[in-house]
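# Fold and geometry: a report
Chain by chain, the residues:
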Amino acid sequence: MSSIHALQSNVYVRRPQLHDETDFLAMTYASRILHSPWVSPPLTKKQFEIYFHSRNQTSEDAFFLFHQNSHQLIGVINLSLITRGLLDNAYLSYYVHIDYSGQGYMTEGLLQVIDIVFNHMHLHRLEANIQPHNLSSKKMVKRCGFRYEGFSPKLINVQGIWRDHERWALLNDNY
C-alpha cells in the first residue's frame, strides 16, 4: 500500500520514504515551537534515520500526511507499540506543520489512518495519550470518535520531563 487517498479530501497519507528526509526535517524545524512541549520530533538527519528505521518494524508504523494539491508534507501520524494477539492495540502520536495547524488537515489524515488501522491492519483498539492542556489535540480525537478513558500521572517523558496524560481510545467496534 503505497498511497491511500480519501474521496473529497484535502490530504492523503502514505508511509514514509527515505527521500522524505529533507521535507520532514524542514517541517519539524519550522514547527518546533508549536510542537513543544507536546512532542519531540526528529530535528537532525541522524534522528530522522533512527526514526525512519524504527518505523519499519512490526511494532512501529508511520504515515506522512500530504496536501492533496501541493503534495507538500504537512503532518505525521505515528503508530507505536503495535501489539498483536490478545490486545490488537496501537498507540497514536501525531504532529502537524505549523503553517497547516488548526485547519482540519490532521483530522482528515487521522480519519484515513483510522480506516487503515481498523480495516487493513485489523487492530481492535487505538489509543492516544494526550497532555491535559493540549486542547487542540483533545478536540481532534473527539471529532474522530475517541472517548476519554482516564488520567495517567507522569506517563510519558517528553523533553526530559515526565508529563501527565489523559488516555483517549477508539475501538474497532465503535468505528
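It should be noted that the structure appears before, not after, this text.
Residues numbered from 1 in each chain as written. Predicted model: local features only at pLDDT ≥ 70, side-chain atom pairs only at ≥ 80, totals over all residues. Heavy atoms only, no water.

### Focus on the overall build of the protein chain
Here is the rule: Secondary structure elements follow DSSP: runs of H or I of four or more residues count as helices, runs of E of two or more count as strands, with numbering from the N terminus. Any residue under 20% of the maximum accessible area for its type is buried, any over 50% is exposed, and the rest in between are partly exposed; the area is computed with a 1.4 Å probe on protein chains only.
Of the regular secondary structure elements, the protein chain holds 5 helices and 8 strands. When the elements of the protein chain are put in sequence order from the N terminus, they spell out β-β-α-α-α-β-β-β-α-β-α-β-β. Across its three principal axes, the protein chain shows a C-alpha extent of roughly 40 × 35 × 30 Å. Taking all 175 residues of the protein chain together, the buried fraction comes to 47%.

### A look at the packing of aromatic side chains
Spelled out, the test is: Pairing of aromatic rings covers Phe, Tyr and Trp, the last counted by its six-membered ring, and requires centre-to-centre distances within 6.5 Å; plane angles under 30 degrees mean stacked, over 60 mean edge-to-face, and any other angle means tilted.
A full pass over the atoms with the stated rule returns 10 aromatic pairs. Between the aromatic rings of phenylalanine 24 and phenylalanine 48, the centroid separation amounts to 5.1 Å while the plane-to-plane angle is 50°, which identifies the pairing as tilted. Separated by 24 residues along the polypeptide, phenylalanine 24 in helix α1 (residues 21–30) and phenylalanine 48 in helix α3 (residues 45–54) bring together distant segments of the chain. The pair formed by phenylalanine 24 and phenylalanine 48 is uniform in burial state, with each residue classed as buried.

### Some words on unusual backbone geometry
The backbone of aspartate 88 shows a phi angle near 45°, a positive value even though the residue is not glycine. In this structure, glutamine 159 takes a positive phi of about 55° despite not being glycine. Considering the arrangement of structural elements, one finds glutamine 159 in the loop between β7 (147–158) and β8 (161–171).

### Describing the pairing of strand β2 (residues 11–14)
Using the following cut-off: When DSSP finds two or more bridges between a pair of strands, those strands are recorded as paired.
Residues Val11 and Val13 line one face of β2 and the alternating positions Tyr12 and Arg14 line the opposite face, and both faces are buried. With 4 bridges joining them, β2 and strand β3 (residues 61–67) adopt antiparallel strand pairing. Across the sheet, valine 13 pairs through a bridge with leucine 65, a residue of β3.

### Observations concerning the nonpolar core
Counted only if it meets this: Nonpolar core, defined: a set of buried Ala, Val, Leu, Ile, Met, Phe, Trp, Tyr and Cys residues in which side-chain atoms within 4.5 Å join the residues together. In what follows, residue pairs with any heavy atoms lying within 4.5 Å of each other are defined as contacts.
Ranked by size, the top nonpolar core spans 32 residues in total, and within it Leu79, Leu92, Leu110, Leu126 and Phe146 carry the most contacts. Mapped by element, the contributors of at least two residues to this core are β2, β3, β4 (73–83), β5 (89–96), α4 (105–119), β6 (125–130), α5 (135–143) and β8. Per element, the largest residue contribution to this core is 8 residues, and it comes from α4. Residues in contact with phenylalanine 146, not counting those within four places in the same chain, are Leu92, Leu110, Ile114, Leu126, Ala128, Val141, Trp168, Ala169 and Leu170. With 14 residues, the next largest nonpolar core counts Phe24, Leu25, Phe52 and Leu73 among its residues.

### A few points about α1
Keep this limit in mind: The directions from the helix axis to the C-beta atoms are what the arc is built from.
Among all positions of α1, only Glu21, Phe24, Leu25, Met27 and Thr28 are buried. Down the axis of α1, the sector holding all buried residues measures 160°, keeping them to one side. Those residues of α1 hidden inside the fold are in contact with α2 (32–35), α3, β3, β4 and β5.

### Description of the pairing of β7
In this sheet, β8 lies alongside β7 in antiparallel orientation, the contact comprising 8 bridges. Residue pairing in the sheet places isoleucine 156 in a bridge with arginine 163 of β8. The hairpin formed by β7 and β8 contains 2 residues between the paired strands, and glutamine 159 there has a positive phi angle of roughly 55°.

### Comments concerning the packing of α1 against α3
Counted only if it meets this: Axis definition: a line fit to C-alpha positions, over the contact stretch in the case of helices; interaxial angles, taken between N-to-C directions, run 0 to 180 degrees. These descriptions rest on fixed angle ranges, namely under 35 degrees for roughly parallel, over 145 for roughly antiparallel, 65 to 115 for roughly perpendicular, and the rest for oblique. Here a crossing is called left-handed whenever its near helix is offset anticlockwise from the far helix by less than a right angle, and right-handed whenever the offset is clockwise. Residue type decides the class: Asp, Glu, Lys and Arg count as charged, Ala, Val, Leu, Ile, Met, Phe, Trp, Tyr, Cys and Pro as nonpolar, and the leftover types, Gly among them, as polar.
For the pair α1 and α3, interaxial distance at closest approach is 10 Å and the crossing angle is 115°. Between α1 and α3, the crossing angle belongs to the class labelled roughly perpendicular. Relative to α3, the crossing made by α1 is right-handed. In contact with Glu21, Phe24 and Leu25 of α1, α3 contributes Lys45, Phe48 and Tyr51. Partitioning the contact of α1 with α3 into residue classes produces 4 nonpolar, no polar and 2 charged.

### Brief notes about the side chain of asparagine 89
Along the chain, the position of asparagine 89 falls in strand β5. Judged by its relative accessible area of 5%, asparagine 89 falls in the buried class. Look past the residues within four positions of asparagine 89 in its chain and what remains in contact with it is Leu81, Ile82, Thr83, Leu123, Arg125, Leu126 and Glu127.

Function cannot be read off these values alone, since they describe shape.
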